[in-house]
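Geometric and topological summary
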Amino acid sequence: LVFLYFCHYAHNHGRAMDDLLWYPSKLHKFLCRKVQEFVETDSGKSFSILILNTPPQVGKSTTVTETFPVWWLMRNPDKGVIEVSYGDDLAERFGKANLEKLEQFGYIFGVKPDKKKATAREFQIAGHKGKMISKGYGSALTGNTGNLILIDDPVKNAVEADSERDRDQGG
């Protein structure tokens, strides 16, 4: 399943054409194509990095961080996803959005969440090793596998980004 189509379906399922929540602009199509190409192309390296830098409020987080991890995880149910944001609250919001998509659309891929481990912070695919963990920057992640790692908004605002003290502390 092409990520662009899944993204459109997941955000607009059951909505009328004049009430769409997610409409694929050129930017959204580009983001969908790039992230899918990135995970499907073997670079021949032990790891690869893709950096997506866009202005705020253009739909990057909705498209990539709230939707892509679960699409990838449903296709790779024995792999691990780690999503990191500047704080636990934002990370949990992203985790919740992915969990809700797994609950609603997992049937497309023949998977569902493990009810024993299904929270906004961490959820697992039932009958598989795959899971997604969403944490704030600086939170402990030791011992968790991240075959796909997303970092979205690692810095809260311009003040923190410009703070020499915060940069020196790594936070």
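Residues numbered from 1 in each chain as written. Predicted model: local features only at pLDDT ≥ 70, side-chain atom pairs only at ≥ 80, totals over all residues. Heavy atoms only, no water.

1. Brief notes about the environment of Glu66
For the record, the criterion: Runs of H or I in DSSP of at least four residues are treated as helices and runs of E of at least two as strands, each being numbered from the N terminus. For every residue, the accessible area obtained with a 1.4 Å probe (protein chains only) is divided by the maximum for its type, and the residue is called buried under 20%, exposed over 50%, and partly exposed between those limits. Contacts: residue pairs with any heavy atoms within 4.5 Å of one another.
The topology assignment puts Glu66 in the loop between helix 3 (60–65) and helix 4 (68–75). The buried category is assigned to Glu66, whose relative accessible area is 16%. Expressed as a C-alpha distance, the spacing of Glu66 and Glu100, which sit 34 residues apart in the sequence, is 9.8 Å. Ignoring any residue separated from it by four or fewer positions in sequence, one finds Glu66 in contact with Ser61, Arg93, Phe94, Ala97, Asn98 and Lys101.

2. Some points on the sheet that holds strand 2 (residues 113–118)
The line we're drawing: A pair of strands is considered paired only if DSSP assigns at least 2 bridges between the two. Only C-alpha atoms enter the line fits that serve as axes; for helices the fit covers just the stretch in contact. Angles between N-to-C directions range over 0 to 180 degrees.
Spatial ordering of the open sheet is given by 2-3-4-1-5, a layout of five strands whose pairing is mixed. Each edge of the open sheet carries a strand with a single partner, namely strand 2 and strand 5 (148–151). Adjacent strand axes in the sheet meet at a mean angle of 20°, parallel and antiparallel pairs treated alike. Pairing between strand 2 and strand 3 (residues 122–125): two bridges, direction antiparallel. Paired with Ala118 across the strands is Phe123, a residue of strand 3.

3. Structural notes on the side chain of His11
Inspection of the secondary structure puts His11 in helix 1 (residues 3–12). Under the relative-accessibility criterion, His11 is labelled buried at 11%.

4. Re the pattern of salt bridges
Condition: For this document, the term salt bridge refers to a Lys or Arg side-chain nitrogen within 4 Å of an Asp or Glu carboxyl oxygen.
Counted by the stated rule, this structure contains eight salt bridges. Close ionic contact of Asp152 with Lys60 constitutes a salt bridge, the shortest N to O distance being 3.6 Å. Placement of Asp152 in the loop between strand 5 and helix 6 (158–162) and of Lys60 in helix 3 is noted, with a sequence separation of 92 residues between them. The class for Lys60 is buried, based on a relative accessible area of 17%. Residue Lys131 pairs with Glu122 through a salt bridge whose shortest N-O separation is 3.4 Å. Overlapping salt bridges, with partners in common, bring together Asp88, Glu92 and Arg121 in one network.

5. Overview of the packing of aromatic side chains
Aromatic ring pairs are described here by two measures, namely the spacing of the ring centres and the angle between the planes. Note the following rule: Any pair of Phe, Tyr and Trp rings, taking the six-membered ring for Trp, is counted once the centres come within 6.5 Å. Such a pair is stacked with planes under 30 degrees apart, edge-to-face with planes over 60 apart, and tilted for the rest.
Counted under the stated rule, the structure contains six aromatic pairs. Note on Phe6 and Phe105: the rings are 6.1 Å apart at their centroids and 90° apart in plane angle, and the pair reads as edge-to-face. You can see Phe6 sitting in helix 1 and its partner Phe105 sitting in helix 5 (residues 88–105), a full 99 residues away along the chain. Neither Phe6 nor Phe105 differs from the other in exposure class; each is buried. Measuring from centroid to centroid gives 6.0 Å for Phe6 and Phe109, while their planes differ by 70°, and the two rings are edge-to-face. Residue Phe6 is located in helix 1, and its partner Phe109 is located in the loop between helix 5 and strand 2; the two are separated by 103 residues in the primary sequence. What makes Phe6 buried here is its relative accessible area of 1%.

6. Details of the environment of Ala10
Counting through the fold element by element, Ala10 comes out in helix 1. On the basis of relative accessible area, Ala10 is assigned to the buried category, the value being 12%. On a C-alpha basis, the gap between Ala10 and Glu100 in space is 9.9 Å, while along the polypeptide they are 90 residues apart.

7. Description of the nonpolar core
Short version of the rule: We call a set of buried residues a nonpolar core when its members are Ala, Val, Leu, Ile, Met, Phe, Trp, Tyr or Cys and they connect through side-chain atoms within 4.5 Å of each other.
The biggest cluster of nonpolar side chains holds 26 residues, and the ones touching the most others in it are Phe3, Phe6, Phe68, Val81 and Leu102. Mapped by element, the contributors of at least two residues to this core are helix 1, helix 2 (26–40), helix 4, helix 5, strand 3 and strand 5. With six residues, the top contributor of residues to this core is helix 4. Not counting residues up to four positions away in its chain, the partners in contact with Phe6 are Leu1, Thr67, Val70, Trp71, Met74, Phe105 and Phe109.

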